[in-house]
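# Breakdown of the fold
One-letter residues, chain by chain:
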Amino acid sequence: MSNLVQAVRYSVTAVVSCALPVVVSAVFAAPVQAQGAETRHHALSLIGTPKYGPDFKHFDWVNPDAPKGGTVRINTVGDFNNLNPFTIKGIAASGMLLTYDTLMATSPDNSSTEYGLVAEWVSFPDDYSTATFGLRPEAKFHDGKPITPEDVIFSLQTLKKAHPHFGKYYKNVTKAEKTGDHQVTFTFDSKGNRELPQILGQLYILPKHYWQANGKNGTKRDLAKTTTEPPLTSGPYRVKSFDIGKTIVYERVADYWAKDLPVSRGQWNFDAIKYIYFKDRTGAFEEFKNGKADYWVENTSQAWATQFGFPAVKSGKVKKEEIATKRVAPMQAFVFNTRREKFKDHRVRQAFNYAFDFESLNKNILYNQYIRVGSYFDNSELKASGLPEGRELELLSEIKDEVPPEVFTTEFKNPVGGAQNMRENLRSASNLLKEAGWSVTDKVVADPNCGFFCKALKLVGLGSEKKERVLRNKAGEELAAEFMIASPAFERIILPYVADLKKLGVKASLRVVDPTQYEQRQRSYDFDIIVDTFSQSESPGNEQRDFWGSASADVPGSRNTIGIKNPAVDKLIDKIVFSKDRAELVAATRALDRVLLWNHYVVPQWHYPFERVAYWNKFDRPEKLPKQTPAFLQVWWLDPEKQKALGGGHQP
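Residues numbered from 1 in each chain as written. Predicted model: local features only at pLDDT ≥ 70, side-chain atom pairs only at ≥ 80, totals over all residues. Heavy atoms only, no water.

## Structural notes on the pattern of salt bridges
A pair can form between side chains of opposite charge whenever their charged atoms are brought close. Taken as a whole and assessed by the stated rule, the structure comprises 41 salt bridges. Across the pair R327 and E611 runs a salt bridge whose closest N-O atoms are separated by 3.5 Å. Within this pair, whereas R327 is found in the loop between strand 14 (318–324) and strand 15 (331–336), its partner E611 is found in strand 24 (residues 610–616), the two being separated by 284 residues in sequence. Given a relative accessible area of 32%, R327 falls into the partly exposed group. On the basis of relative accessibility, which here comes to 15%, the residue E611 falls in the buried class. Residue R511 is joined to E482 by a salt bridge in which the shortest nitrogen-to-oxygen separation is 3.3 Å. Of the two residues, R511 sits in strand 20 (residues 507–512) while E482 sits in strand 19 (residues 480–485), which places them 29 residues apart along the sequence. Residue E482 is classed as buried on the basis of its relative accessible area of 18%. (Salt bridge = Lys/Arg side-chain N within 4 Å of Asp/Glu carboxyl O. Helix = DSSP H or I, 4+ residues; strand = E, 2+ residues; numbered from the N terminus. Buried < 20%, exposed > 50% of the residue type's maximum accessible area, 1.4 Å probe, protein only.)

Shown next, in the form of structure tokens:
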């Protein structure tokens, strides 16, 4: 299950649009009171018992008395032309999900755990065939109208139609009906899916009366379309002002209906949050250095090592920190578009992994800051290791004829690069390509350095032609591979990789496109190879269908950017979704991890167990931060005395 519903609220990375949730799963719940044969739960957890009981006052990772006030400015790279984060069309403004509430609130300190927000409680039978949510009577939208069961039902139905992510995520929910003045009951198409009550807790709540009315332009509003009309919402913030493609400002809702609930106390402390857009990182970072932005998340090792020696850092006016995070390491990787014939053979994809020299890259370019990813669930108990045994082996044996034989005989490990190993690695890659039907031929190419005398010598047979190695299949087609990226910062990473691929005869190239074009091409799967990241929680579930399921492979905008259509993968995803307990879930996830790895769908990159942040020294925060994130927007606050000490608008 993905915990990005709340993560989007406190994330301040330089993203182009609001990300939609990935999600969390397997339910241990804490009771509130009995409801017939069922129990009402104030919280749900897919791992153990919820940390906080029904009478808790606030989370222990907040300052419940944190002062409110001030404006925080965040620079971001990209563009936006849309204020609707629930459509695959257009580019949504960063931060839009700050304005929405969900039925339950996830905890960034406790993986796969939710506490009641719009819903005060949830109940379900032992077979998980339905789930009933009791809504808080005081919950309301920003226009003062209450949140009703009709709004919840409308939200589910409309989100499923508007975006393929929600269509897949909630496909097992077949019916939603009002079962009381403040109650909604959801019916599922199968029994035993322990995750469904919890992923319904992540449902964004939309006002039915708003979306069924006409907009300011006189036409009926449509959640599947883009809009520049600030939508009616119910969350801690609302849109105050915006300038398309340039800035958007959110203001804190002073009378936010949930501000005194235990799940909200001490949070959302800034009066205003302003996102400022730039076309590239250079301009955005220079403005931060000049004191025109307040908080910066750095994702580049070179920049972190070389660009934070400016005067404000040396004087202490800007703080530079690495904040430890404890979460499943995401699979960041070079992703093949397997919809294209040239990448359908797993041996071709495996050859690309042999050609990737991570060790030299990490040493020479990445300042030895990274750990190579070796699993889709790295840094957790869900990671496959050793050889399969016990329940995992039983699950894999059921699909033995549908998975690579190495799944049973060999522990997956990435090739180890470095100067001493790359010659042998490239030889292994060459053999794999040959086995896959690609043969090396020489191709005469134009020599850009060949001038008049060079050409004259060739005419009389004295000059030499410039040739390059080229891989061709039986049809004579060249093996070309274009890496598409949206940030020039990644060029230094990919260019050495391109050079090594060319040694094999691959016609490798790199193309940098603007963020808007990148997102559009990714959504429509118009690429050879991209860099993608697959974030996971400690309780995977329904979202795995969107990541790897056959049904999502050809749906525009799905997370299955790879284009996987593998019956064995589909069967293992179902084993995860319908796992009966934690042990079954872990076994099924390890089996899935092993099958994904041995199909070589990606070339794994790296992860880093810290978040690199820099900020002007005008903030304070709780002594304890959530384990999974610094939660800047969620729990930090402005310190007037520190801001005053900076002086002069905190210029360096």
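## Some thoughts on the environment of F619
One can find F619 in strand 25 (residues 619–620). Sequence separation between F619 and G549 is 70 residues, and the spatial gap between their C-alpha atoms is 44 Å. Beyond its immediate chain neighbours, meaning those up to four positions away, F619 contacts V72, F270, D294, F632, W636, W637, L638, D639 and K642. (Contact = heavy atoms within 4.5 Å.)

## What about the packing of aromatic side chains?
A full pass over the atoms with the stated rule returns 56 aromatic pairs. Measuring from ring centre to ring centre gives 5.4 Å for F56 and F59, while their planes differ by 35°; the resulting arrangement is tilted. Classification of F56 as buried rests on a relative accessible area of 13%. A relative accessible area of 1% means that F59 is categorised as buried. Ring centres of Y295 and F632 lie 3.7 Å apart, and the angle between their planes is 10°; this geometry places the pair in the stacked category. On the criterion of sequence distance, the pair formed by Y295 in strand 13 (residues 295–298) and F632 in helix 20 (residues 632–635) is long-range, its members being 337 residues apart. F632 matches Y295 in its accessibility class, with the two residues each being buried. Among the aromatic side chains, those forming a connected cluster through ring pairs are F86, Y100, F166, Y169, Y170 and Y204. The aromatic ring of W121 is capped on one face by R40, whose charged end is 3.9 Å from the ring centroid. (Phe/Tyr/Trp six-rings, centres within 6.5 Å; stacked < 30°, edge-to-face > 60°. Lys NZ or Arg CZ within 6 Å of the ring centre and 35° of its normal.)

## Focus: the packing of helix 13 (residues 422–435) against helix 15 (residues 491–504)
At their nearest, the axes of helix 13 and helix 15 sit 10 Å apart, and the two run at 55° to each other. As summarised for this structure, helix 13 and helix 15 are arranged oblique, according to the angle between their axes. For helix 13 against helix 15, the interelement crossing comes out right-handed. On helix 15, the residues touching M422, L426, A429, S430 and L433 of helix 13 are D500, K503 and L504. Each residue belonging to the contact of helix 13 with helix 15 can be placed in one class, and the counts come to 5 nonpolar, 1 polar and 2 charged. (Axes fitted to C-alpha atoms, helices over the stretch in contact; angles between N-to-C directions. Parallel < 35°, antiparallel > 145°, perpendicular 65-115°, else oblique. Left-handed = near helix turned anticlockwise from the far one by under 90°. Nonpolar A, V, L, I, M, F, W, Y, C, P; charged D, E, K, R; others polar.)

## Quick look at the sheet that holds strand 20
Across the sheet, 5 strands lie side by side as 20-19-21-15-22; this open sheet has mixed pairing. Of all the strands in the sheet, the pair left with one neighbour each is strand 20 and strand 22 (602–604). Each strand of the sheet is rotated relative to its neighbour by a mean of 35°, with strand direction disregarded. Inspection of the sheet shows strand 15 paired to strand 21 (residues 529–534) by 6 bridges, in the antiparallel sense. Looking at strand 21, one finds that Q332 is bridged to T533. Sitting on the sheet, helix 15 touches strand 15, strand 19, strand 20 and strand 22, and the angle it makes with strand 20 is about 165°. Sheet strands touched by helix 16 (residues 515–523): strand 19, strand 20 and strand 21. Its angle to strand 19, the strand with the most contacts, is close to 130°. (Pairing = 2+ DSSP bridges.)

## Regarding unusual backbone geometry
Here the phi dihedral of N368 falls at roughly 55°; this positive angle occurs in a residue that is not glycine. Residue position: N368 is located in the loop between helix 10 (358–364) and strand 16 (371–372). Phi at N379 takes a positive value of approximately 65°, unusual for a residue other than glycine. Structurally, N379 is set in the loop between strand 16 and helix 11 (390–397).

## Side note on the environment of R391
Assignment of secondary structure puts R391 in helix 11. Sequence separation between R391 and Y237 is 154 residues, and the spatial gap between their C-alpha atoms is 47 Å. The residues touching R391, leaving out its near neighbours within four places in the chain, are E398, E584 and A587.

## Focus: the nonpolar core
Side chains of nonpolar character tend, in soluble globular proteins, to be buried together. One finds L103, F186, F270 and W636 to be the most contacted residues of the largest nonpolar core, which totals 86 residues. Ranked by residue count, the leading element in this core is helix 2 (residues 149–162), at 6 residues. In this structure, F270 is in contact with G69, G70, V72, Y237, R252, F619, F632, L633, W636, W637 and L638, ignoring residues within four places of it in sequence. Within the second largest apolar cluster, 44 residues are counted, among which are V335, F412, I562 and A591. (Core = buried A, V, L, I, M, F, W, Y, C linked by side-chain atoms within 4.5 Å.)

## Notes on the side chain of T629
Considering the arrangement of structural elements, one finds T629 in the loop between strand 25 and helix 20. On the basis of relative accessible area, T629 is assigned to the buried category, the value being 7%.

## Comments concerning the pairing of strand 7 (residues 130–135)
Strand 7 sits mainly inside the fold: 6 of its 6 residues count as buried. Burial along strand 7 is two-sided: T130, T132 and G134 facing one way and A131, F133 and L135 facing the other are all buried. As paired elements, strand 6 (residues 119–123) and strand 7 share 4 bridges and run antiparallel to each other. Bridging across to strand 7, S123 finds its partner in T132. Between strand 6 and strand 7, which pair antiparallel and follow one another directly, the connecting turn spans 6 residues, one of which, Y128, has a positive phi of 55°. With 5 bridges connecting them, strand 7 and strand 9 (residues 183–188) associate as antiparallel partners. The residue bridging F133 from the neighbouring strand is V184, located in strand 9.

From the geometry alone we can't say anything about function, so treat these as descriptive.
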